[in-house]
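# Architecture and fold: a report
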Amino acid sequence: MKLILRSLILVLILGLSSTLWAQVPLPDTGKFSWEFYQAAMAGKTKRAAGQDVPVVSALLVTQEPATEDTLLLLESLGYTIVGTAGRFVQVQAPIDLFVDPIAGVGSVEFIVDVDFPPVADVMPPIGDIDAEAQGGDDEPRAHTSGTLVINADKVWESGHAGQGTKIAVIEWGYDTQNTFLSNRVPAPVYYSIRPVRQAPYYEAILGNSGSSDPDDREHGSACAMIAADVAPHAEIYLLSVDAGLYSLYIGWLRALEFAVRELEVDVVTTQIGWVDVTSGADGTGPLFDEIDRILARTNTLVTIAAGNHGGVNAAAHTGPGSASTWAYSASFVEDAVTARHVFDPGIETLTDRTSLWFTASAGDRVTILLEWDDWRTATRTVDLDLYLYDAKYATMPVAVRLAKHLGNTAKPVESLRRFVIPYTGTFAVVVENRGHKADDLPLTDVQFRLYFWNHDSSSRFEHHTKCGIVREVAASGNPQVIAVGAVDQDDLLVRTYSAGGPTFDGRQKPELYAPDGVRGFPYLKYDQSCGFQGTSASAPHVAGAVAILRSAAPEASPEKILAALRYGANVCDSDPCAGPVLLIDLLDAVEYLPAPEKKK
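We now turn to the structure provided with this report. From a predicted model like this one, the values you see are computed outputs, not experimental measurements.

Calculation notes
Numbers given for residues are sequential positions, taken from 1 along each chain in its written order. With pLDDT at 70 or above as the cut-off, local features in this predicted model cover only qualifying residues; side-chain atom pairs require 80 or more to be listed or tallied, and sums for whole chains, interfaces and linings still use all residues. To get the side-chain values, take all heavy atoms of the structure and skip hydrogens and water. Think of it this way: DSSP has to see at least two bridges between two strands before they count as a pair. Numbering of helices and strands runs from the N terminus, with a helix taken as a DSSP run of H or I at least four residues long and a strand as a DSSP run of E at least two residues long. Note on definitions: angles span 0 to 180 degrees between N-to-C directions of axes, and those axes are lines fitted to C-alpha atoms, for helices only across the stretch in contact. In this description, the term disulfide denotes a pair of cysteine sulfurs within 2.5 Å. Relative accessibility thresholds used throughout: buried, under 20% of the residue-type maximum; exposed, over 50%; partly exposed, between the two (1.4 Å probe, protein chains only). Here a cavity means grid points, on a 1 Å grid over the protein atoms only, where a 1.4 Å probe fits yet cannot get out; a pocket means an open set of points with protein on both sides within 12 Å along at least five of seven lines; lining residues are those with an atom within 4 Å of a point. Grid points are joined across faces, edges and corners, and a volume is the space filled by probe spheres set on the points. Polarity classes work like this: nonpolar for Ala, Val, Leu, Ile, Met, Phe, Trp, Tyr, Cys and Pro, charged for Asp, Glu, Lys and Arg, and polar for all others, with Gly in that last group. Contact criterion: two residues are considered in contact whenever any of their non-hydrogen atoms come within 4.5 Å of each other. For this analysis, a salt bridge means a side-chain nitrogen from Lys or Arg found within 4 Å of a carboxyl oxygen belonging to Asp or Glu.

The next subject is the pairing of strand S17 (residues 397–401). Inspection of the sheet shows strand S16 (residues 384–390) paired to S17 by 4 bridges, in the antiparallel sense. Pairing of Leu 386 across the sheet is with Arg 401, part of S17.

A separate point is the sheet that holds strand S18 (residues 413–420). Strand order in the open sheet made by the 4 strands is S13-S20-S15-S18, with antiparallel pairing throughout. Each end of this open sheet is capped by a strand with a single partner; those strands are strand S13 (324–331) and S18. Ignoring which end each strand starts from, the neighbouring axes of this sheet average 10° apart. The pairing of strand S15 (residues 365–372) with S18 spans 6 bridges and is antiparallel. Looking at the pairing, Arg 365 lines up with Val 420 of S18.

Turning our eyes to something else, we now look at the state of the cysteines. On inspection of all chains with the given rule, the structure shows 1 disulfide. Each sulfur of the disulfide joining Cys 467 and Cys 577 lies 2.1 Å from the other. Its S-S torsion of approximately -85° makes the covalent link between Cys 467 and Cys 577 left-handed. Remark: Cys 577 occurs in the loop between strand S23 (570–575) and strand S24 (579–583) and Cys 467 occurs in the loop between strand S20 (447–454) and strand S21 (481–488); sequence separation between them is 110 residues. Judged by its relative accessible area of 28%, Cys 467 falls in the partly exposed class. Residue classification places Cys 577 among the buried positions, given a relative accessible area of 5%.

To continue, consider empty space enclosed by the protein. Space left empty within the atom packing is revealed by a probe, the size of a water molecule, rolled over the atoms. Within the structure shown, the criterion is met by 4 cavities of 30 Å³ or more. In this structure, the second largest cavity spans a volume of roughly 70 Å³. Elements supplying a minimum of two residues to the lining of the second largest cavity: helix H11 (350–353), S16 and strand S19 (425–433). For the lining of the second largest cavity, a count of residues per class yields 6 nonpolar, 2 polar and 3 charged.

Among the structural elements, Phe 419 can be located in strand S18. Along the primary structure Phe 419 and Ala 399 are separated by 20 residues, whereas in three dimensions their C-alpha atoms are 8.6 Å apart. In this structure Phe 419 touches Asp 364, Arg 365, Val 366, Leu 388, Val 398 and Ala 399, once residues within four positions along its chain are discounted.

Under the defined criterion, the tally for this structure stands at 22 salt bridges. Its salt-bridge partner being Arg 254, residue Glu 257 comes within 2.6 Å of it at the nearest N-O pair. Of this pair, Glu 257 and Arg 254 both sit in helix H8 (residues 248–262), separated by 3 residues, roughly a single helical turn. Across the salt bridge formed by Arg 550 and Asp 266, the nearest N and O atoms sit 2.9 Å from each other. Of this pair, Arg 550 sits in helix H13 (residues 535–552) while Asp 266 is found in the loop between H8 and strand S10 (267–270), placing the two residues 284 residues apart along the sequence. A relative accessible area of 4% means that Arg 550 is categorised as buried. Overlapping salt bridges, with partners in common, bring together Glu 35, Asp 115, Asp 276, Lys 411 and Arg 417 in one network.

This is how it looks when you write it as structure tokens:
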């Protein structure tokens, strides 16, 4: 009886609060994300009450690439510059300063977006990394199983093993005690990339001082070993970015710039991900602008993991206790009564057909990102809001993200990041057209995407989709950036979790596929029935393949290398998102390239 009474009271209170919320005009958040705006206004209240105000980091996006004058102006207003890359500037300041009527960034014309820096999205491999040789059934192997699947070993016999080429790996960190890497000839060279205030706005320090998290270091080492195994004579550069200090965008972009411009590598492979969106899935935005600038007039290729959010059960992919990752992509279908997206028109109950459910346990940290296709205009023309409800009590808002986008410059994104689930239960995600509900504007056809992470346990995301969910770097339209999907090395079928295209602007992704489920040397403690799974294992296979092709044809352009990889690929499956699945195979790819001219 007490439980029933308590539930009724809770429903009454929250229902009343929801009604009152609807009556209160929502603030114009301007350039700020909802989360940052709320925190900044709370800081302003603390300042007025004489309380301590926290100093926070913020990621600013500028109209044009930041200049020295830009940075000096921000410093004169009281902001400390942490790092900069292109249109991204990371600063530190008391949080209420950001909304100050005089010194706040809201009044700084060249600032177009303000948000908290993103957090890392790391999908660690199963088990621990160990450098001793070990294969299935306790039989040692000379090389990883993925190397053999793409026939790299057979190409070595023709004298092409990556000699004269350079591979850079960008990760959070590496295990420097890994003897497979340390005993390699040539030995890998470690760099730690640190953004700084002075031009060229980064330092490249010899040594690995990136993340101290063992999972991060094992993940980086695993990816590096695959690339090194495929191209055994290539020079390997292992670049670490400290995710704890700097914005991931800034650190990653500076590492890419160092690898491409200073080291002049042939290929960069990176499996770094972040739980945020700063550029559109149509290939436009500040992140892609900077990638294009760095790669311009170079022969460097970038192989990037397509992502593992195509619908993955944590236990099947990363082992018990790891995050589950899901996504949903669709064109917005508006319910005429509620202005909410209809996830399933076949359901009679209004609240059910306009919501997407997931289950979670008390204390789980979940992240939900909502992105829509409205990147190509200077100011937003579409405004979508994100709600999280208790699925049982449809009027019970657990969390909301309600930034005002119409007419503002803030990115077309609403984000609920690492939200702590208050109690065990089933929750409903709702996407609402604020432009229609608040401003009576009809919604034109718009695509949107939801990305979901449960960082602590496995949660199934209702109505998830596999197609149309590649994001951030993998959605790049630059021909030198290759998104790589994952194929099970045993049955050569596309992994269910491997994210697919198309992009918002209709480009097919991924361009290529490579093996995962890698077993054998040097994965001593890996579950031999599963191996190292995920697109993180696939991308470095392609990086090693690029090095082999470049060693066979040193003058080959990036376009020629990609054409060779596609020519030599085996059509091993049919992906409903991307059509024929092209699994790289180096035998025919090498034959496609012209032989280098002999010196007279």
